[in-house]
Amino acid sequence: MREPRPLRRARFDDLGLRRALSDRMLPFMVAAMAFLAALALAGSLAAASLARHWQEGAAAALTVQVPRPKAPAETHDGTRQDRVLLLIQGTPGIAEARALNDDELAELLRPWLGSGVERLSLPLPAVIDVRLTASGPDLAALTARLAAVAPGTQVESHGIWLRRLSALARSLQACAALALLVVAAVAASVVAVATRAGLAARRQSIEIVHGLGATDGYIAGRFARRATGSAALGGALGAIAAMPVLLALAHLARPFAGLQPGSDPGYDTTSLLGALPGALWLLLPALPAGAALIGFLTAQGTVRRWLRRLP
Amino acid sequence: MVRFDHVGLQYESGGRSGPEVLHDLTFSVPEGGFRWLIGHSGAGKSSLLRLMYLAARPSRGKLTVLGTDIGAAERRALPRLRRRIGVVFQDFRLLPHLSAFDNVALPLRIGGRPEGQIRADVQEMLRWVGLAPKAEVLPAEMSGGEQQRVAIARAVVGRPSLLLADEPTGNLDDAQAARLMQLLRELNRLGTTVIVATHNDFLVDRHPAPALLLDHGRLIGDA
């Protein structure tokens, strides 16, 4: 006794696409593409966030070195260090200026001179750590005025390093965008090849259905529905497979973002998931959606172009 | 209904035109008419049918099917027209992975009919061709005669205005052939235009009707 026929058949497979072997590999190939896309996205976001972090930390900073700090200043009373500090503090565009004390100076030099710096009685310069406001000072004018008060004073701006770092970050982002484009193109080619193989395998069925009055949209829709599902599945598999790799990379990248192991109570596996940039949590689910869109559009285009050979 | 006006047909292969297989055909079949299409193998019967079921467009001349000029019609206008034409092929052209029910339901599903109506129509049609008990059977599990009847049910389930049949009795014994002819005449009486290609003289003698006589791609008789 056969089962009673259901009134509405959810998925009527008139072209027999479920039996076609040609697209069985499709989800796995798309998964590989999605995996690469996830890495490229993560690389792009990481470059952007590191650049931002460095910029926030160092954009608004100057280091001023004053040789022979205790010697009297050229044009005013007081020591060279005091006059330079006063001059800097009185300049528009300066948020804060502070001379490093002996301990801080020793700490700064320790990597080069070892721990007994103070016993070496070297003629050390004073180092003034300067924080700038958003607008910043006129650096050339400031340098000239400082040189007048205390000749030999050096002003080191971090801006040039920042420009180089942000150029590097922008280049990395451009590479990631290029990689994403290539991955999308390869994914589209994979879907197109699978669709063409499906068309060749079901040619007779397609001709019969076409002869019975099916529109191009009807036939293309059957292929596109299947390609969309396969590509979405592949995209999801790829995104899931990329997760452990991304978490490991985020773990490695944390010290560069200013967090040290042990210095942060959240720095352990319990907060590992929080290590990924927030944007990545939005972009990872977009991978299956993007793959599905590529699958849909490619299958529609491929089938409609193929059908033009029929009258 | 169907009108040929100096129609010729050349097939193209690889972008190049082959020799003309139909030459300068001029005839018409009125609405509700019945015609035999007679000729030896290779006379051009199948090509003539292909023109009428819109699997090919004329290379020259003017072909009008169900009021539409086929040579001038836009490609996207043809699917709707095809749904008004039923075809019974010599080799059935059933979809092998679909049951008899689903094969017969195919034109209705393509036409977007509601599933409830499809079920009623298909079951009625399968009863009409005597295959109701075999609704869920695949074509490969049926005899040639049964497959032929599924093909006929599929051709007429959409109540076509034009029914074309290419050697429809080729796989049937005499009793089945007689029953098929009875079905075709019944449809014709209900208003469907019917054109049947055959080289079965016995069948033509048994069911006298006007005939189109083809030879080497030319029409040599229309009576």
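As a reminder, the structure under discussion sits directly above these lines.
How each quantity is defined
Residues numbered from 1 in each chain as written. Chains lettered and ligands numbered in written order. Predicted model: local features only at pLDDT ≥ 70, side-chain atom pairs only at ≥ 80, totals over all residues. Helix = DSSP H or I, 4+ residues; strand = E, 2+ residues; numbered from the N terminus. Rg over C-alpha atoms; globule rule 2.2 N^0.38 Å. Contact = placed C-beta atoms within 7 Å. Buried ≥ 20, exposed ≤ 12 C-beta atoms within 10 Å, placed from the backbone. Axes fitted to C-alpha atoms, helices over the stretch in contact; angles between N-to-C directions. Parallel < 35°, antiparallel > 145°, perpendicular 65-115°, else oblique. Left-handed = near helix turned anticlockwise from the far one by under 90°. Nonpolar A, V, L, I, M, F, W, Y, C, P; charged D, E, K, R; others polar. Pairing = 2+ DSSP bridges. Expected span 1.5 Å × (residues − 1).

Colleague: Where do I start with the overall build of chain B in this structure?
Modeller: A count of helical and extended segments in chain B gives 7 helices and 10 strands. Taking 17 Å as the expected radius of gyration for a compact globule of 223 residues, we find that chain B reaches 17 Å, a close match to that expectation. Considered along the principal axes of its C-alpha atoms, chain B spans approximately 45 × 40 × 35 Å. Look at the contacts in chain B between residues 6 or more apart in sequence, and 68% of them connect residues 24 or more apart.

Colleague: When you look at the overall build of chain A in this model, what are you seeing that I'm missing?
Modeller: Each helix and strand in chain A was counted, giving 8 helices and 4 strands. Listed by position from the N terminus, the elements making up chain A come as α-β-α-β-α-β-α-β-α-α-α-α. In chain A, which comprises 311 residues, the proportion classed as buried is 32%. Sequence separation of at least 24 residues holds for 85% of the intrachain contacts in chain A that already meet a minimum separation of 6.

Colleague: Honestly, the packing of helix H3 (residues 100-110) of chain B against helix H4 (residues 115-128) of chain B in this entry has me stumped. Any pointers?
Modeller: All names here are of chain B. Remark: H3 packs on H4, axes separated minimally by 9 Å, with the N-to-C direction vectors making an angle of 125°. What the angle tells us is that H3 and H4 run oblique. H4 is crossed by H3, and the crossing has right-handed handedness. Contacts from Ala-100, Phe-101, Val-104, Ala-105, Leu-108 and Arg-109 in H3 reach Ile-118, Asp-121, Val-122, Met-125 and Leu-126 in H4. The residue inventory of the contact of H3 with H4, partitioned by class, reads 9 nonpolar, no polar and 2 charged.

Colleague: Help me understand the sheet that holds strand E2 (residues 16-29) of chain B, please; the structure alone is not making it clear to me.
Modeller: Adjacent strands of a sheet form backbone hydrogen bonds with each other and so pair up, either parallel or antiparallel. Residue and element names in this part refer to chain B. If you walk across this open sheet you meet the 4 strands as E2-E1-E4-E5, and the pairing is antiparallel. Bordering the open sheet on either side are E2 and strand E5 (68-69), each of which pairs with just one other strand. This element, helix H1 (residues 45-52), spans strand E1 (2-13), E2 and strand E4 (60-65) of the sheet and lies at about 110° to E1.

Colleague: How should the interface of chain B and chain A be read in this particular structure?
Modeller: Bring the parts together and some accessible area is lost; that lost area is often taken as the interface size. The partner chain A presents 18 residues to the 23 residues of chain B that form the contact. Its residues assigned to classes, the side of chain B that touches chain A comprises 11 nonpolar, 3 polar and 9 charged.

Colleague: What am I meant to see in the environment of Leu-168 of chain A here?
Modeller: Residue and element names in this part refer to chain A. With respect to the helices and strands, Leu-168 occurs in helix H5 (residues 159-201). Judged by the 13 C-beta atoms lying within 10 Å of it, Leu-168 falls in the partly exposed class. Linking Leu-168 and Gln-81, residues 87 residues apart in sequence, is a C-alpha distance of 36 Å.

Colleague: Which parts of the structure should I look at to understand helix H5 (residues 144-156) of chain B?
Modeller: In an α-helix, one turn spans 3.6 residues; hence positions three or four apart end up facing the same way. Residues and elements named next belong to chain B. If you check H5, its first and last C-alpha atoms are 19 Å apart, about what 13 residues at 1.5 Å a residue would give, namely 18 Å. Across the 13 residues of H5, 10 count as buried, placing the element largely inside the fold. Within H5, the full set of buried residues consists of Gln-147, Gln-148, Arg-149, Val-150, Ala-151, Ile-152, Ala-153, Arg-154, Ala-155 and Val-156.

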